[in-house]
Amino acid sequence: KDGGRYRRRRHSCFIAENGHLQQVAHRAHWQPVEYNALHGGMLRLFAPMHEHVVAQPAWQKLLIQLGHLSDQVFRPGATPVPWFIEAHQFRIDTQHGIGRPTPEGAHRDGVDLVAVFLVGREHVKGGETRVFEASGPQGQRFTLTEPWSLMLLDDARMIHETTPIQPLADGGYRDTLVVTCRRGGFQGAEFDEPA
């Protein structure tokens, strides 16, 4: 909404259920304003993830396991449910000086589980992750520096953000994979085109 160019993204959606993964028709990403004050309330359509990525057996296993983990954490002992998964590949670069991983600031995503994987970072400083209780003063600060470092969040209980990155040399960037799992359907499903 502010006209900024903060990051590049690819986005695809899936449903994990009973050990199976189904990619759904390409759809827009939507969040309510209550969760994203900067870009909430608007449909945002990004390029889909490349087919060769989502066809990889490791990709399939990763999302199925995140659905299984979500069952264990949020529904222990209960019958498994479908998990509505959104996957976001982000590249935040320093081409224009400062890269902003979370231009919306500290926020929740409106899902159950958030998984943030650091894929890689080169020639940048900053990018400190900050995670705070949604209903209290407790928090943690740390910087994901190693490829495939992972942060898992209970989105109902936590607020998170990542500070801007600054270049240490030309071509600086920070790549992440953010995967969210949500029960009951995708946010903004009411805006989806009928099948």
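Per chain, the residues get numbers from 1 upward, laid out in the order the sequence is written. The model is predicted, so local features are restricted to residues of pLDDT at least 70 and side-chain atom pairs to those at 80 or more, both for listing and for counting; the totals for chains, interfaces and linings are taken over all residues. Hydrogens and water molecules were not included; the side-chain quantities draw on all heavy atoms of the structure.

Some words on the nonpolar core
Formally: Among buried residues, the Ala, Val, Leu, Ile, Met, Phe, Trp, Tyr and Cys ones that are joined through side-chain atoms within 4.5 Å form a nonpolar core. Classification of residues uses two cut-offs on accessible area relative to the type maximum, computed with a 1.4 Å probe and protein chains only: under 20% is buried, over 50% is exposed, and between them is partly exposed. By the criteria applied, helices consist of DSSP H or I runs no shorter than four residues and strands consist of E runs no shorter than two, each listed in order from the N terminus. We call two residues in contact when some of their heavy atoms are within 4.5 Å.
Core analysis: the biggest nonpolar cluster contains 19 residues, and F14, W59, L63, L66, I85 and V179 have the highest contact counts within it. Sorting the residues of this core by element identifies strand 1 (8-17), helix 2 (57-74), strand 3 (83-93), strand 4 (113-122) and strand 11 (173-182) as the ones contributing at least two each. Looking at which element gives the most residues to this core, the answer is helix 2, with four residues. Non-local contacts of I85, meaning those with residues more than four positions away in its chain, are made with S12, C13, F14, A16, L63, V179, T180, C181 and F186. Judged by nonpolar contacts, the second largest core, of 14 residues, contains I92, V111, M158 and V178.

A word on the environment of T94
By the secondary structure assignment, T94 is in the loop between strand 3 and strand 4. Taking the relative accessible area as the measure of exposure, T94 reaches 8% and is therefore buried. Along the sequence, T94 and P164 sit 70 residues apart, while their C-alpha atoms lie 9.5 Å from each other.

Describing the sheet that holds strand 8 (residues 149-154)
Formally: Should DSSP find at least two bridges between two strands, the strands are taken to pair. Note on geometry: axes are lines fitted to C-alpha atoms, helical ones only across the stretch in contact, with angles between N-to-C directions running from 0 to 180 degrees.
Read across the open sheet, the six strands follow the order 2-1-3-11-4-8; overall the sheet is antiparallel. Where the open sheet ends on each side, the last strands, each with one partner, are strand 2 (20-23) and strand 8. If you compare each strand with its neighbour and ignore which way they point, the axes differ by 25° on average. One ladder, built from ten bridges, connects strand 3 with strand 11; its direction is antiparallel. The partner of F90 across the bridge, within strand 11, is T176.

Focus: the pairing of strand 1
When you tally the buried positions in strand 1, you get seven out of ten residues, the bulk of the element. Pairing analysis gives nine bridges linking strand 1 to strand 3, with the strands arranged antiparallel. Directly across from A16, in strand 3, lies its bridge partner W83. Relative to strand 2, strand 1 runs antiparallel, the two sharing four bridges. Across the sheet, residue A16 finds its bridge partner in strand 2, namely L21. Between strand 1 and strand 2, which pair antiparallel one after the other, the connecting turn spans two residues, and N18 there sits at a positive phi close to 50°.

Overview of the layout of surface pockets
Short version of the rule: Residues are said to line a cavity or pocket when one of their atoms sits within 4 Å of a point; the points come from a 1 Å grid over protein atoms alone, cavities being sets where a 1.4 Å probe fits but cannot get out and pockets being open sets with protein on both sides within 12 Å along at least five of seven lines. Grid points are joined across faces, edges and corners, and a volume is the space filled by probe spheres set on the points. Here the nonpolar group is Ala, Val, Leu, Ile, Met, Phe, Trp, Tyr, Cys and Pro; Asp, Glu, Lys and Arg are the charged ones; every other residue, Gly included, is treated as polar.
Looking at the largest pocket, its volume works out to about 350 Å³. As for the largest pocket, its lining consists of 16 residues, and the residues nearest its centre are Q89, F90, V119, T176 and L177. Elements represented by at least two residues in the lining of the largest pocket include exactly strand 1, helix 2, strand 3 and strand 11. For the lining of the largest pocket, the residue count by class is nine nonpolar, two polar and five charged.

Some remarks on empty space enclosed by the protein
Per the stated rule, a full pass over the model turns up one cavity of 30 Å³ or more. Taken as a whole, the largest cavity encloses approximately 330 Å³ of empty space. Lining of the largest cavity is provided by 28 residues; of these, F90, H107, D109, H160 and V178 occupy positions nearest its centre. Classifying every residue of the lining of the largest cavity by side-chain character gives eight nonpolar, twelve polar and eight charged.

Section: unusual backbone geometry
Positive phi, close to 55°, is recorded for H123, a residue that is not glycine. Along the chain, H123 turns up in the loop between strand 4 and strand 5 (124-126). For H123, a relative accessible area of 41% translates into the label partly exposed. At W148, a residue that is not glycine, the phi angle is positive and equals roughly 70°. Judged by its relative accessible area of 54%, W148 is exposed.

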